Amino acid sequence: QNASLKSHVASLPDSRAEAAKLEASERRAADAEAAAARSEAAGRELRARAEAAEKEARAAAAEAEAERTERLAAEAAGEEEAGGYRRRCEELEGMLRRTAESRGGAEA
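Before going into details, it helps to say that this report is about the structure given with it. (Residues numbered from 1 in each chain as written. Predicted model: local features only at pLDDT ≥ 70, side-chain atom pairs only at ≥ 80, totals over all residues. Heavy atoms only, no water.)

**Considerations on the overall build of the chain**
Argument step 1. Each helix and strand in the chain was counted, giving 1 helix and 0 strands.
Argument step 2. Out of the 108 residues belonging to the chain, those deemed buried represent 3%.
Argument step 3. Entry remark: accessible area of the chain is about 9,500 Å², with carbon and sulfur atoms responsible for 55%. (Helix = DSSP H or I, 4+ residues; strand = E, 2+ residues; numbered from the N terminus. Buried < 20%, exposed > 50% of the residue type's maximum accessible area, 1.4 Å probe, protein only. Areas by Shrake-Rupley, 256 points an atom, 1.4 Å probe, with all protein chains shown as cover.)

Right, dumping it as structure tokens:
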């Protein structure tokens, strides 16, 4: 009985060492799980930021396209207006020429 008790007592330090190893292993596993959770959260945040940046870029592109379309429409309207003035000037020049010709012809 005494030998059995001595054997049991002798094995206690090994049990404590095994328990300490197990606790350390559990702490490492918990640390790894926490690191994985942080990594996943960081990944979600990066994806959200990328999606927001992409959405902002699309909005900026749409705004630039709208401004371009507006500018082109204004240029076209200006060209059309200029064409109208040009035609009116040509008409007036023709009227002046005919008037000058008719006066010149009448005087001759």
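That was the structure; now back to the text.
**Details of the pattern of salt bridges**
Argument step 1. For the structure shown, the criterion picks out 6 salt bridges.
Argument step 2. Residue glutamate 45 is joined to arginine 49 by a salt bridge in which the shortest nitrogen-to-oxygen separation is 2.6 Å. In this pair, glutamate 45 and arginine 49 both sit in helix α1 (residues 2–107), 4 residues apart, roughly one turn of the helix.
Argument step 3. For glutamate 45, a relative accessible area of 41% gives the class partly exposed.
Argument step 4. When the shortest N-O distance is used, the salt bridge between arginine 58 and glutamate 54 registers 2.8 Å. With arginine 58 and glutamate 54 both in helix α1 and 4 residues apart, the pair spans about one turn of that helix.
Argument step 5. The class for arginine 58 is partly exposed, based on a relative accessible area of 49%.
Argument step 6. Looking at glutamate 54, the relative accessible area reads 47%, which means it is partly exposed. (Salt bridge = Lys/Arg side-chain N within 4 Å of Asp/Glu carboxyl O.)

Read these as layout, nothing more, since geometry by itself doesn't imply function.
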